[in-house]
Amino acid sequence: MHHQNREQVPLVSVDPVAQSVEHNTFNVGVPGSSPGGITERRSRGVCSFFFILMPMESINEILSSISGFIWGFPMVLLLLGTHILLTLRLRLPQRYLLKAIRLSVSKDKDASGEVSQFGALATALAATIGTGNIVGVGTAIALGGPGAVLWCWLTGVLGIATKYGEGLLAVKYRVNNNGRMLGGPMYAIENGLAKPAQGIKRWMWKAMAIAFAFFTAIATFGIGSTVQANAISTLSSEVYGISPIVVGGIVTILAAAVIMGGVKSIAKCCQTLVPLMAGLYIVGCVVILVFNSDYLWPALQLIVKSAFNPSAAGGGFVGASIMITARYGIARGLFSNESGLGSAPIVAASAQTRNPVRQALVSSSGTFWDTIVICALTGITIVSSILAYPDIQISDGGELTRMAFSKIPYVGEPLLAFGTLTFAFSTILGWGLYGERSMEYLSDKWLSRSKRKNNSSENNDSKKRGAINAYRVVFLITVYMGAVISLDVVWNLADIFNALMAIPNLLCLLFLSNVLVSETRKYLWNDNLDEEGD
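Residues numbered from 1 in each chain as written. Predicted model: local features only at pLDDT ≥ 70, side-chain atom pairs only at ≥ 80, totals over all residues. Heavy atoms only, no water.

**Some points on a nonpolar patch on the surface**
Alright, step 1. Taken together, the side chains of Val239, Tyr240, Ile242, Val246, Ile250 and Leu254 make up a nonpolar region of the molecular surface, amounting to roughly 540 Å² of accessible area.
Alright, step 2. If you tally residues by element for the nonpolar patch, the top one is helix 11 (residues 244-259), at three residues.
Alright, step 3. With respect to the helices, strands and loops of the structure, Leu254 is situated in helix 11. (Patch = residues over 30% accessible without salt bridge, like charges linked within 9 Å, V, L, I, M, F, W, Y side chains within 5 Å. Areas by Shrake-Rupley, 256 points an atom, 1.4 Å probe, with all protein chains shown as cover. Salt bridge = Lys/Arg side-chain N within 4 Å of Asp/Glu carboxyl O. Helix = DSSP H or I, 4+ residues; strand = E, 2+ residues; numbered from the N terminus.)

**Focus on helix 9 (residues 185-194)**
Alright, step 1. Most of helix 9 is tucked away: ten of the ten residues are buried.
Alright, step 2. Within helix 9, the full set of buried residues consists of Pro185, Met186, Tyr187, Ala188, Ile189, Glu190, Asn191, Gly192, Leu193 and Ala194. (Buried < 20%, exposed > 50% of the residue type's maximum accessible area, 1.4 Å probe, protein only.)

**Looking at the packing of aromatic side chains**
Alright, step 1. A complete count under the given rule lists eleven aromatic pairs for this structure.
Alright, step 2. Both rings, one in Phe368 and one in Trp369, keep their centres 4.9 Å apart while their planes meet at 70°; by these two values the pair is edge-to-face.
Alright, step 3. Assessed through its relative accessible area of 30%, Trp369 is described here as partly exposed.
Alright, step 4. Among the aromatic residues, those joined into a ring-pair cluster are Phe214, Phe215 and Phe497.
Alright, step 5. Positioned above the aromatic ring of Tyr173, the side-chain terminus of Lys172 is 5.8 Å from the ring centre. (Phe/Tyr/Trp six-rings, centres within 6.5 Å; stacked < 30°, edge-to-face > 60°. Lys NZ or Arg CZ within 6 Å of the ring centre and 35° of its normal.)

**As for the nonpolar core**
Alright, step 1. Ranked by size, the top nonpolar core spans 139 residues in total, and within it Leu169 and Leu361 carry the most contacts.
Alright, step 2. In terms of residue count, the dominant contributor to this core is helix 16 (residues 356-388) (14 residues).
Alright, step 3. Among all residues touching Leu169, those that are not within four sequence positions of it are Ala188, Cys508, Leu509, Leu512, Val515 and Leu516. (Core = buried A, V, L, I, M, F, W, Y, C linked by side-chain atoms within 4.5 Å. Contact = heavy atoms within 4.5 Å.)

**Brief notes about helix 18 (residues 412-449)**
Alright, step 1. Taking 1.5 Å per residue as the helical rise, helix 18 with its 38 residues ought to reach 56 Å, and the 56 Å between its terminal C-alpha atoms agrees with that figure.
Alright, step 2. Extensive coverage of helix 18 is indicated by the burial of 28 of its 38 residues. (Expected span 1.5 Å × (residues − 1).)

**Overview of empty space enclosed by the protein**
Alright, step 1. Applying the stated rule across the entire model yields four cavities of 30 Å³ or more.
Alright, step 2. Within this model, the largest cavity holds a volume of roughly 90 Å³.
Alright, step 3. Forming the boundary of the largest cavity are 14 residues, of which Leu121, Ala124, Lys163, Ala344 and Ser363 lie nearest the centre.
Alright, step 4. Within the residue set of the lining of the largest cavity, elements represented by two or more residues are helix 6 (117-128), helix 15 (344-348) and helix 16. (1 Å grid on protein atoms, 1.4 Å probe; cavity = no way out; pocket = protein on both sides within 12 Å on 5 of 7 lines; lining within 4 Å. Points joined across faces, edges and corners; volume = space filled by probe spheres on them.)

**Thoughts on the environment of Ala404**
Alright, step 1. If you trace the backbone, Ala404 turns up in helix 17 (residues 397-406).
Alright, step 2. Between the C-alpha atom of Ala404 and that of Tyr389, which follows or precedes it by 15 residues, the distance is 8.2 Å.
Alright, step 3. Apart from residues lying up to four places away in sequence, Ala404 is in contact with Ile382, Ser385 and Ile392.

**Description of the side chain of Ser426**
Alright, step 1. Here Ser426 shows up in helix 18.
Alright, step 2. Owing to a relative accessible area of 0%, Ser426 belongs among the buried residues under this scheme.
Alright, step 3. Those residues in contact with Ser426, other than ones at most four positions away along the chain, are Ala126, Ala127, Ile129, Leu273 and Met277.

**Description of the pattern of salt bridges**
Alright, step 1. Inspection of the entire model under this criterion finds eight salt bridges.
Alright, step 2. Between Glu519 and Lys172 there is a salt bridge, with the nearest N and O atoms lying 3.3 Å from each other. Separated by 347 residues along the polypeptide, Glu519 in helix 21 (residues 513-525) and Lys172 in helix 8 (residues 148-172) bring together distant segments of the chain.
Alright, step 3. For Glu519, a relative accessible area of 8% puts it in the buried group.
Alright, step 4. For Lys172, a relative accessible area of 32% gives the class partly exposed.
Alright, step 5. For Glu440, the salt bridge identified is with Arg180, shortest N-O distance 2.6 Å. Taken together, the residues span a long stretch of sequence, with Glu440 in helix 18 and Arg180 in strand 2 (residues 180-182) at a distance of 260 residues.
Alright, step 6. Assessed through its relative accessible area of 1%, Glu440 is described here as buried.
Alright, step 7. With a relative accessible area of 26%, Arg180 lands in the partly exposed category.
Alright, step 8. Via salt bridges that share partners, Arg354, Arg358 and Asp530 belong to a single interconnected network.

**Let's talk about the environment of Arg174**
Alright, step 1. For Arg174, the position within the fold is in the loop between helix 8 and strand 1 (175-177).
Alright, step 2. Since its relative accessible area comes to 13%, Arg174 is described here as buried.
Alright, step 3. Here the alpha-carbon distance between Arg174 and Gly184, two residues ten residues apart in the chain, equals 7.1 Å.
Alright, step 4. Residues contacting Arg174, with those up to four places away along its chain left out, are Ser112, Met181, Leu182, Gly183, Ala349, Ser350, Ala351 and Thr353.
Alright, step 5. Of the polar contacts made by the side chain of Arg174, one reaches the backbone oxygen of Ala351; its length is 2.8 Å. (Polar contact = N/O pair within 3.5 Å; in protein donor to acceptor, adjacent residues only side chain to side chain.)

**Some points on the confidence of the model for the protein chain**
Alright, step 1. Of the residues in the protein chain, 84% reach a pLDDT of 70 or more, and the chain-wide mean stands at 82.
Alright, step 2. Helix 21 holds the highest mean pLDDT among the elements of the protein chain, 97, whereas helix 1 (residues 16-24) holds the lowest, 39.
Alright, step 3. Of the regions scoring below 50 in pLDDT, residues 1-52 engages in 161 contacts with residues more than four places distant in sequence or in other chains. (pLDDT = per-residue confidence, 0-100.)

**Brief notes about unusual backbone geometry**
Alright, step 1. Its identity as a non-glycine residue notwithstanding, Glu338 has a phi of 65°, on the positive side.
Alright, step 2. Note on placement: Glu338 falls in the loop between helix 14 (322-336) and helix 15.
Alright, step 3. Its relative accessible area of 2% is what places Glu338 among the buried residues.
Alright, step 4. You will see that Asp527, though not glycine, has its phi angle at about 60°, which is positive.
Alright, step 5. Structurally, the position occupied by Asp527 is in the segment after helix 21.

**A short note on the environment of Ile408**
Alright, step 1. Its place among the elements puts Ile408 in the loop between helix 17 and helix 18.
Alright, step 2. The class of Ile408 is buried, set by a relative accessible area of 2%.

**Some remarks on the packing of helix 12 (residues 262-291) against helix 16**
Alright, step 1. Interaxial distance between helix 12 and helix 16 falls to 10 Å at its minimum, and their mutual angle equals 25°. Here helix 12 is positioned roughly parallel relative to helix 16, judged by the angle of their axes. Every pair of crossing elements has a handedness; the one defined by helix 12 and helix 16 is left-handed. In this structure, helix 12 uses Ala278, Tyr281, Ile282, Cys285, Ile288 and Leu289 to contact helix 16, whose residues at the interface are Val373, Ile374, Leu377, Thr378, Ile380, Thr381, Ser384 and Ser385.
Alright, step 2. Its residues assigned to classes, the contact of helix 12 with helix 16 comprises ten nonpolar, four polar and no charged. (Axes fitted to C-alpha atoms, helices over the stretch in contact; angles between N-to-C directions. Parallel < 35°, antiparallel > 145°, perpendicular 65-115°, else oblique. Left-handed = near helix turned anticlockwise from the far one by under 90°. Nonpolar A, V, L, I, M, F, W, Y, C, P; charged D, E, K, R; others polar.)

Next up, the structure:
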């Protein structure tokens, strides 16, 4: 966690927790950036203004220590343990993957909900699939060796069960607010855990639901807006020479055009953008693998062998133990797909679906695309390129990805740039929705506790709309700010709030695991998947 040594600007990861691990722990470099460059100078000027009373380095060190502690072994154990427990209790929901993919492209037109099942999945994927799937995998390989790719893949397989559970609870405990379906961990905690409880337990669960919504709303200003816009502006300014001010204005206007339309507008945009960006990236990786075809099979063999015998990697790869290789691969897998973070269920609750299990299956397919497909393709592409071009420097994860892709003429560098720009922008859209729904939940709670006599239903609705619109404006302001400044503090704060999001969500999954089993038995194991839910 040596922040002063890493290169500037997190062009590393769009999935939130991946950013925390890679940015804080893995010391990731950034394609096209250099210490002391334009972003570092912007950072120093702005940071010195806002943090006069304490040196910037001291603030970063404090926040980095907190982030490192909260994302330490206990958190990884909690995430991975939840993955394994739900995999066992739900009798390997991964075996229904083909059914899940089929359901994701079908429509339950007569079912209640705001967007199609695919629209909800595309929006969740927009926020999940990020540049971490590109550069983050390179980081894991640089620090854990090629075997980290296999551990990443295996963790993605286990994460399918957790994403399934999140989607199920989101639909089961969602509420209908004048035709708008609202859900997510805050509603699951309140309706599934707080309502049946009594006394202090009831109060604690309610507080935890409010805490999750609060942490999510705050985290969106970091992970969801500032750092994503910064990734786009950094690439545009340092590679293409476009002013960050211009880039910030364009990105903010485009984001506003989509976000101001609400969930339907965001879902509609993501339905077009996500298949395009992911599809082109996958095709691009396949083209690169064709160039590296002579090294494809050796790369696969090396990935498998070095996962259990890191010394088999040889060459310039890091001399890692099995534990180190597994650590970086597992971290990459855990944090690339957001399984357990609690963000994706917020949009899953909006889906038009007959019963909770149908959407749970659709949600679980997101982890398949994010980690099992895109992360794996990236890993194989990087390892095969390293074998094909021995001059590639392996020690720097960020540069490793850039160099591996740049070795392929015509396709490599444009593919990396396209992935970075589109993945970062799509994350702004997805997390904008997460924050908006969290703010709506908090507004409901604040208004329900208000003692004012003039709080009529119409007046409350007006205040709620005002709070949501205010959030949208602030969110868009942070998008622009992120494009023109670079704050390490924003990264560290976002890391911390992401962890604080994950803890209530994981506890909710564990305490409601009996509900997950019951619903799964009712609809899936008893072959009643087409039945209407209660």
